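The lines below spell out each chain.
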4 protein chains.
Amino acid sequence: MALDFSSDTSAPAHPAVLTALAEANHGMASSYGNDPLSAALHRQLAALFETDDLFVWPCASGTAANALALSVLCSPTGAILCHDEAHIERDERGAPEFFTGGGKLRLLPGPAGQIDEAALRDALAAIQPDFVHETPAEVLSLTQLTECGTAYAPARLAHYAALAREAGLAVHLDGARFANALVSQAVSPAEMSWKAGVDVLTLGLTKTGAMGCELILLFGDMAGRAARLRARAKRGGHMPPKMRFLAAQALALLQDGLWLELAERANRSARLVSDLLCAQPGVELTYPVDGNEVFVRLPEPLLARLHAAGALFYPWPGGSHRLVCHWATGADSIEALSVLLRDQA
Amino acid sequence: MALDFSSDTSAPAHPAVLTALAEANHGMASSYGNDPLSAALHRQLAALFETDDLFVWPCASGTAANALALSVLCSPTGAILCHDEAHIERDERGAPEFFTGGGKLRLLPGPAGQIDEAALRDALAAIQPDFVHETPAEVLSLTQLTECGTAYAPARLAHYAALAREAGLAVHLDGARFANALVSQAVSPAEMSWKAGVDVLTLGLTKTGAMGCELILLFGDMAGRAARLRARAKRGGHMPPKMRFLAAQALALLQDGLWLELAERANRSARLVSDLLCAQPGVELTYPVDGNEVFVRLPEPLLARLHAAGALFYPWPGGSHRLVCHWATGADSIEALSVLLRDQA
Amino acid sequence: MALDFSSDTSAPAHPAVLTALAEANHGMASSYGNDPLSAALHRQLAALFETDDLFVWPCASGTAANALALSVLCSPTGAILCHDEAHIERDERGAPEFFTGGGKLRLLPGPAGQIDEAALRDALAAIQPDFVHETPAEVLSLTQLTECGTAYAPARLAHYAALAREAGLAVHLDGARFANALVSQAVSPAEMSWKAGVDVLTLGLTKTGAMGCELILLFGDMAGRAARLRARAKRGGHMPPKMRFLAAQALALLQDGLWLELAERANRSARLVSDLLCAQPGVELTYPVDGNEVFVRLPEPLLARLHAAGALFYPWPGGSHRLVCHWATGADSIEALSVLLRDQA
Amino acid sequence: MALDFSSDTSAPAHPAVLTALAEANHGMASSYGNDPLSAALHRQLAALFETDDLFVWPCASGTAANALALSVLCSPTGAILCHDEAHIERDERGAPEFFTGGGKLRLLPGPAGQIDEAALRDALAAIQPDFVHETPAEVLSLTQLTECGTAYAPARLAHYAALAREAGLAVHLDGARFANALVSQAVSPAEMSWKAGVDVLTLGLTKTGAMGCELILLFGDMAGRAARLRARAKRGGHMPPKMRFLAAQALALLQDGLWLELAERANRSARLVSDLLCAQPGVELTYPVDGNEVFVRLPEPLLARLHAAGALFYPWPGGSHRLVCHWATGADSIEALSVLLRDQA
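Cut-offs applied
Residues numbered from 1 in each chain as written. Chains lettered and ligands numbered in written order. Predicted model: local features only at pLDDT ≥ 70, side-chain atom pairs only at ≥ 80, totals over all residues. Helix = DSSP H or I, 4+ residues; strand = E, 2+ residues; numbered from the N terminus. Rg over C-alpha atoms; globule rule 2.2 N^0.38 Å. Buried ≥ 20, exposed ≤ 12 C-beta atoms within 10 Å, placed from the backbone. Contact = placed C-beta atoms within 7 Å. Pairing = 2+ DSSP bridges. Axes fitted to C-alpha atoms, helices over the stretch in contact; angles between N-to-C directions. Core = buried A, V, L, I, M, F, W, Y, C linked by C-beta atoms within 7 Å. Least-squares fit on C-alpha atoms with pLDDT ≥ 70 in both. Nonpolar A, V, L, I, M, F, W, Y, C, P; charged D, E, K, R; others polar. Parallel < 35°, antiparallel > 145°, perpendicular 65-115°, else oblique. Domains from an automatic or database assignment.

**Structural notes on the overall build of chain A**
And step 1. Per the secondary structure count, chain A includes 13 helices and 11 strands.
And step 2. Compactness check: chain A gives a C-alpha radius of gyration of 20 Å against a globular reference of 20 Å for 345 residues, within 12% of the reference.
And step 3. The C-alpha extent of chain A, read off along each of the three principal axes, is 60 × 55 × 30 Å.
And step 4. Out of the 345 residues belonging to chain A, those deemed buried represent 61%.
And step 5. Taking all contacts inside chain A whose residues are at least 6 apart in sequence as the whole, residues at least 24 apart take part in 77%.

**Structural notes on the sheet that holds strand S4 (residues 137-143) of chain C**
Residues and elements named next belong to chain C.
And step 1. Read from one edge to the other, the open sheet built from seven strands follows the order S1-S7-S6-S5-S4-S2-S3, with strand pairing classed as mixed. In this open sheet, the two edge strands, each paired with only one partner strand, are strand S1 (54-59) and strand S3 (104-108). Averaged over neighbouring strand pairs, the angle between their axes works out to 20 degrees when direction is ignored.
And step 2. Bridging between S4 and strand S5 (residues 170-175) involves five bridges; their strand directions are parallel. Counted as the bridge partner of Ser141 is His172 from S5.
And step 3. Strands S1 and strand S7 (214-219) of the sheet are contacted by helix H9 (residues 226-235), whose axis makes an angle of about 10 degrees with S1.

**Structural notes on the nonpolar core**
And step 1. If you look at the biggest cluster of nonpolar residues, it comprises 235 residues, and the most contacted ones within it are Ile216 and Leu217 of chain A together with Ile216 and Leu217 of chain B.
And step 2. Discounting residues that sit within four places of it in the chain, Leu217 of chain B has contacts with Leu45, Leu54, Val56, Val200, Leu201 and Leu203 of chain B.
And step 3. The next biggest cluster of nonpolar side chains, apart from the first, holds 233 residues, and it includes Phe313 of chain C together with Ala252, Ala266 and Val324 of chain D.

**Focus on the relation of the copies chain C and chain A**
And step 1. Placing chain C over chain A gives an RMSD of 0.0 Å and needs a rotation angle of 180 degrees, together with 0.0 Å of translation along the axis. Taken together, the rotation and translation relating the two chain copies correspond to the operation of a two-fold axis. For chain C, the residue whose C-alpha comes nearest the rotation axis is Gly101 of chain C, separated from it by 3.0 Å.
And step 2. Counting the interface residues of chain C, we find that 100% of their copies in chain A are interface residues as well, pointing to one common contact surface.

**Some points on the pairing of strand S7 (residues 214-219) of chain B**
Residues and elements named next belong to chain B.
And step 1. For S7, the tally of buried residues reaches six of six residues, placing the bulk of the element in the interior.
And step 2. The two faces of S7 match: Glu214, Ile216 and Leu218 on one face and Leu215, Leu217 and Phe219 on the other face are all buried.
And step 3. Where strand S1 (residues 54-59) and S7 come together, six bridges link them in antiparallel fashion. Across the sheet, Phe55 pairs through a bridge with Leu218, a residue of S7.

**So, the interface of chain A and chain B**
And step 1. Every contact between the two is made by 44 residues of chain A and, on the other side, 44 residues of chain B.
And step 2. Breaking the side of chain A that touches chain B down by element, the ones donating at least two residues are helix H1 (15-24), helix H3 (62-71), helix H5 (95-100) and helix H9 (226-235) of chain A.
And step 3. Here the side of chain A that touches chain B is composed, by residue class, of 21 nonpolar, 17 polar and six charged.

**Thoughts on the interface of chain C and chain A**
The accessible area lost on association of the parts is a frequent measure of interface size.
And step 1. Taken together, the contact pairs 11 residues of chain C with 11 residues of chain A.
And step 2. For the side of chain C that touches chain A, the per-class residue count stands at four nonpolar, three polar and four charged.

**Concerning the relation of the copies chain A and chain B**
And step 1. After a rotation of 180 degrees and a shift along the axis of 0.0 Å, chain A superposes on chain B with an RMSD of 0.0 Å.
And step 2. Here 100% of the interface residues in chain A have copies in chain B that are interface residues too; the copies meet face to matching face.

**Some remarks on the sheet that holds strand S11 (residues 320-324) of chain D**
All names here are of chain D.
And step 1. Judged by pairing direction, the sheet is antiparallel, and its four strands sit side by side in the order S8-S9-S11-S10 without closing on themselves. The open sheet has two edge strands with one neighbour each: strand S8 (284-285) and strand S10 (314-316).
And step 2. The strands that helix H11 (residues 258-278) touches are S8, strand S9 (293-297) and S11; relative to S9, the one it contacts most, it runs at about 15 degrees.

**Section: the environment of Leu229 of chain A**
And step 1. Within the secondary structure, Leu229 of chain A sits in helix H9.
And step 2. Ignoring sequence-local partners within four residues, the contact set of Leu229 of chain A consists of Trp57, Leu68, Val72, Ile216 and Leu218 of chain A.

**Regarding unusual backbone geometry**
And step 1. Residue Leu145 of chain B is bonded to the preceding Gln144 of chain B through a cis peptide linkage, with omega at -20 degrees.
And step 2. Tracing the sequence through the fold places Leu145 of chain B in the loop between strand S4 (137-143) and helix H7 (154-166).
And step 3. Unusually for a residue other than glycine, Asp256 of chain A sits at a positive phi of about 55 degrees.
And step 4. Here Asp256 of chain A lies in the loop between helix H10 (244-254) and helix H11 (258-278).

**Comments concerning the packing of helix H8 (residues 178-185) of chain B against helix H11 (residues 258-278) of chain B**
Packed helix pairs are characterised by how far apart their axes lie and by the angle those axes make with each other.
Residue and element names in this part refer to chain B.
And step 1. For the pair H8 and H11, interaxial distance at closest approach is 8 Å and the crossing angle is 75 degrees. On the basis of the axis angle, H8 is roughly perpendicular to H11. Counted together, Ala179, Asn180, Leu182, Val183 and Ser184 of H8 and Trp259, Leu260, Ala263, Glu264, Ala266 and Asn267 of H11 form the full contact between these two elements.

**Looking at the domain arrangement of chain A**
All names here are of chain A.
And step 1. We note that the domain assignment places domain 1 (15-257) and domain 2 (259-344) within chain A.
And step 2. Placing the centre of domain 1 and that of domain 2 at their C-alpha centroids yields a distance of 28 Å.
And step 3. Across the boundary between the two partners, domain 1 contributes 20 residues, which contact 18 residues of domain 2.
And step 4. Of all the secondary structure elements, the ones that give two or more residues to the side of domain 1 that touches domain 2 are helix H8 (178-185) and H10.
And step 5. Element by element, the count of residues in the side of domain 1 that touches domain 2 is highest for H8, at six residues.
And step 6. Classifying every residue of the side of domain 1 that touches domain 2 gives 11 nonpolar, seven polar and two charged.

**What to know about the environment of Gly62 of chain B**
Residues and elements named next belong to chain B.
And step 1. Structurally, the position occupied by Gly62 is in helix H3 (residues 62-71).
And step 2. Residues Gly62 and Glu92, spaced 30 residues apart in sequence, show a C-alpha to C-alpha distance of 9.1 Å.
And step 3. If near-sequence neighbours (up to four positions away) are discounted, Gly62 is found in contact with Ala176, Thr202, Gly204, Thr206 and Glu214.

**A look at the environment of Ala164 of chain B**
Residues and elements named next belong to chain B.
And step 1. Its place among the elements puts Ala164 in helix H7.
And step 2. Taking the number of C-beta atoms within 10 Å as the measure of exposure, Ala164 has 24 and is therefore buried.
And step 3. Residues Ala164 and Leu120 lie 44 residues apart in sequence; the distance between their C-alpha atoms is 8.6 Å.

**Quick notes on H3 of chain A**
And step 1. Burial within H3 of chain A is extensive, with 10 of its 10 residues counted as buried.
And step 2. All of the buried residues in H3 of chain A are Gly62, Thr63, Ala64, Ala65, Asn66, Ala67, Leu68, Ala69, Leu70 and Ser71 of chain A.

Here's what the structure looks like:
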């Protein structure tokens, strides 16, 4: 897989995850989340996020985690503000609408996958909860890393959350690549979530190195909605019987900071890829590389050369391409790319 | 876990499953079901079910598998006939209503978890698709093993399916314990599904020995609804990125008949448990033991003795108790029970 | 229409309703319920129901009124207890499931359309809100008149409501024939609603004599859910622009007790029909005649004779027939029936 | 109401409608649409639209008519293309999402309430039905008159419909002010609907002069979805018992072209209002006046003067104002406006 930059969802799980699964696979364990590993996961997260006011629910997919999270925040007659390229709008086949029972997404523009502040302010100012014809915004959903691979500066994230909360909205953070953002922005999990005003976080671990594990975290008052979330998870088919295996994956990654180490490794690879590409004439980044994704415009001959060499990566709307690194992106991949580009030059 | 008869969902996964996961965990693999293992699973099932007219979709939970299966068979203004103790009615928190968009379950009575034929005929005869006030039945959902641990005789299953199809209904089979029924009834997978008139089967493997893997199988014409099922799975959060790990689990169990061997082992343990208990004065079975579950009335002193010895099993509505065996129920468990009962006598 | 006993929904509107519509049809009026007649209707109902803690919303159909009422009482993961012949179960094509977003109906048996107390107590006792697999009952829905044309004795209604409230449930009353029950039971509107523990009443006026007008009344604390109800009404298409015409119908009927007078007239006609029929050999009532509906078993020759004479009425499940009277059932109809039966004798 | 230009939904019903209701109010009539007037309405529309391949369903509100129409065209996993100011997006509180079971609206820009052709072509070209992550467009919904009071030129409407149909989409036309567009564009009902490629039309009559009556018309092949529409109408609470009164309203307006005469009257009044206003210095139209609505920028002093005189009309997003005329806008209103403006000048 030397030149495979297709996606972090195509990567294998980290060996520690497999080891943890094997260790979890001994003896009987209560099903549906009443097992010791699920309890340990809760403790682990409470420590990591520096708070006891939280409720955690693991899911096997990010779409499920986002949609369930939103369904405890947004009523069927409410709306969710999000970026117009947000994953919940573009890539989840109407899951938020399905789980909220018909809620709407209201799309906001902004460069590099980040909502424009003026657009956000306008949208918040336009809310008229008593005007029954319109669907009032009830939630602001932010994404960190954004769909463009960029990170909101922590202060900006907190500022947006504060604006939303002042307007009476709840704040959701889609953290499918939360770990990549954490290491890139050098802040703590708490600082990038509840301390910044986030009510509910969906913390992705699959792209970081799990087999399939995403966590929904309800913070503060929202932890009081745990029963509602569990009921909705159950009827959504997201309460599998042997939940110890979801907990085991998360524990393996969170322990001793492995998730951050893996994210740092992925980010570093992305910077190397970016540097190699940008050294070529005619190459320009579409967005800053704040995490493990490189969005780039490639001159046609270079593109042809990469394809001829079997390099894998996806074209992106607007004429650019996306190259993704992950924990398993090896030195060999970087080296192979380097060789290829050097030969070309 | 010597005297743990609580549930087959509390059992660990079979070691072959863990081995398969580890083997699947090499290199990159296309996500969302476009990987070689998912393709291999399709071939494996085509061979096992003796047909190419099928579409398979793996899910992490049985509730998801049932609800998604029903959502491609029943419209939002239609109804599903099922037993009044069916899992889809009792234990899935409204998942069928959620995924169908508001379809109704119409409950039919019958002893030992099996629908009474007269009740079924009445319900079919009562359908008036043009009477707009009433919700017409569009699907018959049967369960094999039933919620009472009994198996429909294969001929009866086929007869019910035929009645339903004559009335224009589709036929769904909830096979959470399909393997247990297969070995107990000594018929082939094809004979207990599409050859018996089943349109859609949810084939459970989690209780058989997987970590978490249930398969939805669309047979014959219904395979034409594959795109609809995939779209609904995606928006339900049931298309996790790294689907190779779901396929790997299923392949490990289906290969060389391991799933049937494990089911046979569980059934045999259940018969031993049943025999040991029934040899005690005052003990009587509530239902025949057709699979891996024993439903039994226990005299108070015996019950107390079992509890005192730390035996784990659940009370059941109506005053009986349920003891469940599984692939990992060991000779030690049976022996421990035997000793306990002998001492008592 | 001399022998037309088909339905009270086939009757014309009372002339006072038409007059009121004509009077309302002058000049401009704010739309969507912000008009003077809508305000007057609120005042009228506050006086009639002896409370200011209420919110009223008119609807054009009873199915809409029931489903909207239930949607502010029952969550998508909750259940509604009702009689197994209730209109919301049998005749509304899944509207409650649709408007609640997937809530379930849990059916209770009982003779003459009235829930059996033991069955109700069992259902209430079985609620386990923390057992996530099952769908806990959140609402008790009673019907007055029942689908069998009988009336719950006021004390029984209040007793059932009290049992439900003790168990934490909200209480809904489907009053499609509320006026008929009021005059039959000789109690006040308040006594048969909020004073009896009813949280939300759907008060039908269409069968009483309106063109098309049903009222949802939220009492007491539930009046605080007015905004939620309005939002759901709007997105359900139940906020027509010219709402003055709904209010005008209701005002015309409620004024000076016209609705009760019309209901009394219908009830009296039904008693006459019942007396005439029961005087015939072999005729027996299936249910007591507590309102404007007569359910009766008719000997075959008598049935043939009625049909031959062009009499209109519907067969009912179980071999009986239903004859319905209404405000416009004239002395001529009763006389014609009398003559027909006399000739036969 | 001399200077009331607030809304055509605040106008009374035309006297012919009241007369028709009174005439319909004789004797018994089968309920739920099986009455002679409903049959007559079908015949009337078949003649008016020059086709027998149609199915008609009357509704009491435009939101209901639009949402029900869309629910038979768009699956729960599909999307509807519409203008970003469309009524279905802005003013229906999520009704399309509710009735489709979670379908999405995809918003397209364009001046004067009309979709930009390039944006439409881009959206159609972007559809990838097999890319399961994205929600593919299944319907194009156009509005005639648009929300800006403009009319699509008939050829443009037909062109857009043709583009949509080529891409496999169904075409819906929201005709809340269809009559106003017909007289303004001087084409026949058939030419502005099915002959132009429209599959389903919601034809509004309430703003034209009804008390409350909107018609859903399924054309051609779509008429085959009549049973589906009826079932969805029933469960949506949009099948009121005494449907003869909906049919009567529609018949009264459609007979002898009364609806077109009333629309012409409203349009003419709007042109007069527009002419009077535009003769004032500093006044400019925001959009062309193609129907009964005038969107206009008013200098502050003029605005103050109008308000001081008690004139009623709404401010509009972007700083303009909307003045609406209707069938009952009298010569006195125009005269009063004329006097007011003359005095000012």
